[in-house]
Amino acid sequence: MIPKDQFLKAMGAFPSGVTIVTTTDADGQWRGFTASAFCSVSADPPLVLVCLADSADCHAAFQAAGRWNIHIVDAAHTELAMRFARRGAEKFAGDDFVADAHGIPQLRDAFVTLHCARHACYPGGDHSILVGQVGAAEITDSAPVYYYRRGFHPVAEGAVQAAE
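Please read these numbers as outputs of a predicted model, since none were measured by experiment.

Focus on the overall build of the chain
Line of reasoning, step 1. Counting its secondary structure elements, the chain contains 4 helices and 12 strands.
Line of reasoning, step 2. Relative to its length of 164 residues, the chain is compact, with a C-alpha radius of gyration of 15 Å against a globular reference of 15 Å.
Line of reasoning, step 3. Once the C-alpha set of the chain is aligned to its principal axes, its extents read approximately 45 × 40 × 35 Å.
Line of reasoning, step 4. Taking all 164 residues of the chain together, 37% fall into the buried category.
Line of reasoning, step 5. A separation threshold of at least 6 residues defines the contact pool for the chain, and within that pool the share at least 24 residues apart is 63%.
Line of reasoning, step 6. When the accessible surface of the chain is split by element, carbon and sulfur atoms take 54% of a total near 9500 Å².

Some thoughts on a nonpolar patch on the surface
Line of reasoning, step 1. Taken together, M1, I2, F7, L8 and M11 make up a surface patch of nonpolar side chains, about 610 Å² in accessible area.
Line of reasoning, step 2. Of note, M11 is situated in helix α1 (residues 4–12).
Line of reasoning, step 3. Judged by relative accessible area, M11 falls into the partly exposed class, the value being 45%.

Side note on the sheet that holds strand β4 (residues 38–43)
Paired through backbone hydrogen bonds, the strands of a sheet run either parallel or antiparallel to each other.
Line of reasoning, step 1. Pairing in this open sheet of 7 strands is antiparallel, and the strands run β3-β2-β6-β9-β10-β5-β4 from one edge to the other. At either end of the open sheet lies a strand with only one pairing partner, and these are β3 (30–35) and β4. The average undirected angle you get between the axes of adjacent strands in this sheet is 35 degrees.
Line of reasoning, step 2. Sheet analysis places β4 next to strand β5 (residues 46–53), joined by 5 bridges and oriented antiparallel.

Some remarks on the pairing of strand β6 (residues 67–72)
Each regular strand displays side chains that alternate between the two surfaces of the sheet.
Line of reasoning, step 1. Within β6, 5 of the 6 residues are buried, leaving the element largely enclosed by the surrounding structure.
Line of reasoning, step 2. Direction of pairing for strand β2 (residues 19–24) relative to β6: antiparallel, over a ladder of 4 bridges. Across the sheet, the residue bridging to V21 is I70, located in β6.
Line of reasoning, step 3. Bridge analysis of β6 against strand β9 (residues 112–124) gives 6 bridges, and the strand direction is antiparallel. Within β9, the residue paired with I70 across the bridge is L114.

Some thoughts on the environment of W68
Line of reasoning, step 1. Mapping W68 onto the fold places it in strand β6.
Line of reasoning, step 2. Classification of W68 as buried rests on a relative accessible area of 1%.
Line of reasoning, step 3. Residues W68 and D57, 11 residues apart in the sequence, show an inter-C-alpha distance of 16 Å.
Line of reasoning, step 4. Filtering out sequence-adjacent residues up to four positions away, W68 remains in contact with V21, T22, T23, F62, I104, L114, H115, C116, R118, L130, V131 and G132.

Considerations on the nonpolar core
Line of reasoning, step 1. Among the nonpolar cores identified, the biggest contains 19 residues, and F33, F62, W68 and I70 are the most heavily contacted of them.
Line of reasoning, step 2. Where this core is concerned, the elements lending two or more residues are β3, β5, β6, β9 and β10 (127–139).
Line of reasoning, step 3. Ignoring any residue separated from it by four or fewer positions in sequence, one finds F33 in contact with T19, I20, V21, V50, C51, L52, C58, F62, F84, K91 and L130.

Focus: the pairing of β3
Line of reasoning, step 1. The pairing of β2 with β3 spans 6 bridges and is classified as antiparallel. Paired with T24 across the strands is W30, a residue of β3.
Line of reasoning, step 2. Between β2 and β3, which pair antiparallel in sequence order, lie 5 residues; one of them, G28, sits at a positive phi of approximately 85 degrees.

The rules we used
- Residues numbered from 1 in each chain as written.
- Predicted model: local features only at pLDDT ≥ 70, side-chain atom pairs only at ≥ 80, totals over all residues.
- Heavy atoms only, no water.
- Helix = DSSP H or I, 4+ residues; strand = E, 2+ residues; numbered from the N terminus.
- Rg over C-alpha atoms; globule rule 2.2 N^0.38 Å.
- Buried < 20%, exposed > 50% of the residue type's maximum accessible area, 1.4 Å probe, protein only.
- Contact = heavy atoms within 4.5 Å.
- Areas by Shrake-Rupley, 256 points an atom, 1.4 Å probe, with all protein chains shown as cover.
- Patch = residues over 30% accessible without salt bridge, like charges linked within 9 Å, V, L, I, M, F, W, Y side chains within 5 Å.
- Salt bridge = Lys/Arg side-chain N within 4 Å of Asp/Glu carboxyl O.
- Pairing = 2+ DSSP bridges.
- Axes fitted to C-alpha atoms, helices over the stretch in contact; angles between N-to-C directions.
- Core = buried A, V, L, I, M, F, W, Y, C linked by side-chain atoms within 4.5 Å.

What follows is the structure, encoded as structure tokens:
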């Protein structure tokens, strides 16, 4: 089996998008984390997945959650994504979030927000695989960043225009 540090280095060489995932726990407390392990699963029904470490402070809240929001990060929110990646950080300090119609924290001015209802949850090694059915999506005109070799990088504007 590959050594953990070599595996992590190899995965760090794969550019991936960055998301901030939020929910509300049973006590009404806002909870969230940063994830780069995110992808679409199905168009019919519209399903996405995101992976959460079993050791995360918010793991139990997401295990029990019926809804969560996934925010695709743009350059304006990279510091916030770093905050959500840190254990014990005051993740919701400031006024970056508002409650959506279901009381779930929603990032103001996010590049993309996906409003998800729980579809399934699976064990995946030292992570849980959360599958959500997308009920609504909000998209702005900014551009995403990607995470590569331990850093955030903007998607070139020409690449965004070509994809449209």
